[in-house]
Amino acid sequence: MRKYSFTLNNEPVVVKAPPAYTLLEVLRNVLNLTGTKDGCGKGECGACTVLINGKAVNACLMIMEQVEGSDVTTIEGLATDPLGSVVVRAFEKEGAIQCGYCTPGMIVSSTAFLSRNSKPNIEETKEFLRGNLCRCTGYSKIVKAVIEASRG
Ligand code: FES
Ligand code: FES
């Protein structure tokens, strides 16, 4: 076991985990924060997206040594984030959620995207969504939700 210190949703945390553990495993298996989903486990689906130092990353690809000292925000932390909560409401309003498995990753990615580009067009939004897979919605409601969120 190794000890890792980082900031999680604005709170300092210290966790003990095996050296090969990924951030996704620590979030779900050690800290019991199950909002971050385990989809493919190999960086292809975006279900595990979290923010590290404000940037959207796949938690399944981050080993804990890379996370040490970082500022991590998960879907649980976005509930109280001004932009994150606008994105959550927009997803609800547009009905951009079906089974919900992709939704936390979509919302985290969308929040990072809108923090860089506050007025995206539809093409830019579709391009950004390529990193997050959804088997249910056909994406159009998700694109609408991101555009809706950009309007505040
Ligand atoms: S679970 Fe991480 S990208 Fe799919
Ligand atoms: S809502 Fe089911 S995978 Fe996106």
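Computed from a predicted structure; not experimentally measured. (Residues numbered from 1 in each chain as written. Chains lettered and ligands numbered in written order. Predicted model: local features only at pLDDT ≥ 70, side-chain atom pairs only at ≥ 80, totals over all residues. Heavy atoms only, no water.)

Peer 1: Provide a residue-level description of the overall build of the chain, including the pertinent values.
Peer 2: Across its full length, the chain carries seven helices and five strands. Helices and strands in the chain line up, N terminus first, as β-β-α-β-β-α-β-α-α-α-α-α. For a compact globule of 152 residues, the expected C-alpha radius of gyration is about 15 Å, and the chain comes in at 15 Å, within 12% of that figure. The dimensions of the chain, computed from C-alpha atoms along their principal axes, are 45 × 30 × 20 Å. Relative to its 152 residues, the chain shows a buried fraction of 47%. Restricting to contacts in the chain with at least 6 residues of sequence separation, those with at least 24 account for 56%. Carbon and sulfur atoms provide 49% of the accessible area of the chain, an area that totals close to 7,900 Å². Mean positive and mean negative side-chain charge positions of the chain (17 and 15 charges, respectively) differ by 4 Å. (Helix = DSSP H or I, 4+ residues; strand = E, 2+ residues; numbered from the N terminus. Rg over C-alpha atoms; globule rule 2.2 N^0.38 Å. Buried < 20%, exposed > 50% of the residue type's maximum accessible area, 1.4 Å probe, protein only. Contact = heavy atoms within 4.5 Å. Areas by Shrake-Rupley, 256 points an atom, 1.4 Å probe, with all protein chains shown as cover. Lys, Arg positive; Asp, Glu negative; His and termini not counted. Charge placed at Lys NZ, Arg CZ, Asp CG, Glu CD.)

Peer 1: Any chance you could break down the environment of Val-88 for me, citing the residues and the numbers?
Peer 2: With respect to the helices, strands and loops of the structure, Val-88 is situated in helix α4 (residues 82-94). A sequence separation of 16 residues divides Val-88 from Pro-104, and the C-alpha atoms of the two residues are 9.1 Å apart.

Peer 1: Mind laying out the domain arrangement of the chain, listing which residues take part and the relevant values?
Peer 2: For the chain, the domain assignment lists domain 1 (2-75) and domain 2 (78-150). For domain 1 versus domain 2, the separation of C-alpha centres amounts to 21 Å. Residue-level contacts link 16 residues of domain 1 with 12 residues of domain 2. Of the roughly 1,100 Å² buried where domain 1 meets domain 2, counting both sides, 63% is carbon and sulfur surface. (Domains from an automatic or database assignment. Buried area = accessible area lost by both parts, 1.4 Å probe.)

Peer 1: An account of the pattern of salt bridges is requested, with residue identities and associated values reported.
Peer 2: Pairing between side chains of opposite charge can happen when their charged atoms approach one another. Applying the stated criterion across every chain yields a total of three salt bridges. With a closest N to O distance of 3.0 Å, Lys-93 and Glu-148 form a salt bridge. Of the two residues, Lys-93 is situated in helix α4 and Glu-148 in helix α7 (residues 140-150); the sequence distance between them amounts to 55 residues. For Lys-93, a relative accessible area of 59% corresponds to the exposed category. Across the pair Arg-130 and Glu-127 runs a salt bridge whose closest N-O atoms are separated by 3.7 Å. Residue classification places Arg-130 among the exposed positions, given a relative accessible area of 62%. (Salt bridge = Lys/Arg side-chain N within 4 Å of Asp/Glu carboxyl O.)

Peer 1: Residues and numbers for the side chain of Thr-74, please.
Peer 2: Take Thr-74: it is sitting in the loop between β5 (71-73) and α3 (75-78). By relative accessible area, Thr-74 is classed as buried at 0%.

Peer 1: Lay out the packing of helix α6 (residues 122-129) against α7 in plain terms, naming residues and giving numbers.
Peer 2: It is at 10 Å that the axes of α6 and α7 come closest, and there the two elements cross at 120 degrees. When the axes of α6 and α7 are compared, the pair comes out oblique. Along this stretch, α6 crosses α7, giving a crossing that reads as right-handed. Packed against α6, whose contacting residues are Ile-122, Thr-125, Lys-126, Phe-128 and Leu-129, the element α7 presents Ile-142, Val-143, Val-146 and Ile-147 at the interface. (Axes fitted to C-alpha atoms, helices over the stretch in contact; angles between N-to-C directions. Parallel < 35°, antiparallel > 145°, perpendicular 65-115°, else oblique. Left-handed = near helix turned anticlockwise from the far one by under 90°.)

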